[in-house]
Amino acid sequence: MKMLYEGKSKIVYEGEEPNTCIIKYKDTATAGNGVKKEDLPEKGKLNAAISNIIFEYLMKNGVKTHLIKVLDETSVLVKKADIVMVEVIVRNVAAGSFSKKYGVPEGTALKNTVVEFSLKSDELGDPMINDSQITALGVATQEELDLLKSMSLRVDELMTELFAKAGIRLIDFKLEFGRVDGGEIVLCDEISPDSCRLWDAKTNEKMDKDRFRRDMGGVMEGYKDVLARLTK
Ligand code: UDP
């Protein structure tokens, strides 16, 4: 298979059929823009399984995604997409960089759901960026941004419900989108404890990558618990 790109946590290969790619999840965990890096055995398998459950659930509920089919424990076949170079962050509860930047304790309720964009650039450290800055740079059109926002809010509603049934609070998460077949916007990348903050609904215990970022231990136990609850 021809490798197209190796990222921090996944490798992308060219698919056999035209306009397809194969994404393979790795066990590598990184944080702080790659400064902190470690191999966590089974992470690839766990994230692939969790992400596949979420993508299949979203698709069943009408969300368009890049997923074509699951190939094996760590690989998926996807539509080749031209990735929109912004990350969409959705927040239901204050945490992480939002808490730090605005001086609100983690866990503070928000009066409305927050949607933020950051420019996808490891070199620049993914800086936060607004609509007029994105359109000025030609990274996406306003119509595309409006669609990213409405799709992200729909994904939030659906995921909040899915996780609530599993006894998990969805605090915040990051999404990526791409353009396929002449410009249609679809959800891409992964949705996993690497890209979401997930807290136990009863105890508020963290079950996501913050355990790795903050050296709390029990990182894979948290991910395993998320998968177990989603498949229960
Ligand atoms: N996130 C991500 N990739 C990034 C930045 C953020 O997946 O490059 C996720 C992160 O896991 C969290 C949410 O987006 O669920 C909000 O992250 P935040 O802006 O608070 O940044 P952090 O505190 O992780 O630096």
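Described in the following lines is the structure provided in the data block.

What counts and what doesn't
- Residues numbered from 1 in each chain as written.
- Predicted model: local features only at pLDDT ≥ 70, side-chain atom pairs only at ≥ 80, totals over all residues.
- Heavy atoms only, no water.
- Near = heavy atom within 4 Å.
- Polar contact = N/O pair within 3.5 Å; in protein donor to acceptor, adjacent residues only side chain to side chain.
- Areas by Shrake-Rupley, 256 points an atom, 1.4 Å probe, with all protein chains shown as cover.
- Helix = DSSP H or I, 4+ residues; strand = E, 2+ residues; numbered from the N terminus.
- Nonpolar A, V, L, I, M, F, W, Y, C, P; charged D, E, K, R; others polar.
- Expected span 1.5 Å × (residues − 1).
- Buried < 20%, exposed > 50% of the residue type's maximum accessible area, 1.4 Å probe, protein only.
- Contact = heavy atoms within 4.5 Å.
- Pairing = 2+ DSSP bridges.

Remarks on the site of the ligand
Item 1. Of all residues adjacent to the ligand, which total 15 residues, the nearest are Arg91, Ser97, Asp172, Arg197 and Arg213.
Item 2. Measuring from an oxygen atom of the ligand, one finds a side-chain N or O atom of Glu87 at 3.3 Å.
Item 3. Separating an oxygen atom of the ligand from a side-chain N or O atom of Asp172 is a distance of 2.6 Å.
Item 4. Burial of the ligand by the protein chains amounts to 76% of its free accessible area of 510 Å².
Item 5. Those elements giving two or more residues to the shell around the ligand turn out to be β9 (86-93), α2 (96-102), β12 (168-180) and β14 (196-200).
Item 6. Residues that form the shell around the ligand fall into these classes: four nonpolar, three polar and eight charged.

With respect to helix α6 (residues 219-231)
Item 1. With 13 residues, α6 ought to run about 18 Å at 1.5 Å a step, and its terminal C-alpha atoms sit 19 Å apart, in line with that.
Item 2. Looking at α6, one finds that the buried residues are Val219, Met220, Gly222, Tyr223, Val226, Leu227, Arg229 and Leu230.
Item 3. For α6, the secondary structure elements touched by its buried residues are α1 (43-60), α4 (142-165), β12, β14 and α5 (210-213).

Considerations on the pairing of strand β3 (residues 20-25)
Item 1. With five of six residues buried, β3 is to be regarded as a mostly interior element.
Item 2. With five bridges joining them, strand β2 (residues 10-14) and β3 adopt antiparallel strand pairing. Considered in β3, the bridge of Lys10 is made with Tyr25.
Item 3. The turn joining β2 and β3, which pair antiparallel and follow one another in sequence, is formed by five residues; a positive phi near 60 degrees is taken by Asn19.
Item 4. As judged from the five bridges shared by β3 and strand β7 (residues 75-79), these two strands associate in the antiparallel manner. By the bridge assignment, Ile22 is partnered in β7 with Leu77.

Topic: the pairing of β12
Item 1. For β12, the tally of buried residues reaches twelve of 13 residues, placing the bulk of the element in the interior.
Item 2. Here two bridges tie strand β8 (residues 82-83) to β12, and the two strands are oriented antiparallel to one another. Looking at β12, one finds that Ile83 is bridged to Gly178.
Item 3. Two strands pair when backbone bridges link them, and β9 and β12 are joined in this way by four bridges, in the antiparallel orientation. Its bridge partner lying in β12, Val90 is registered against Phe173.

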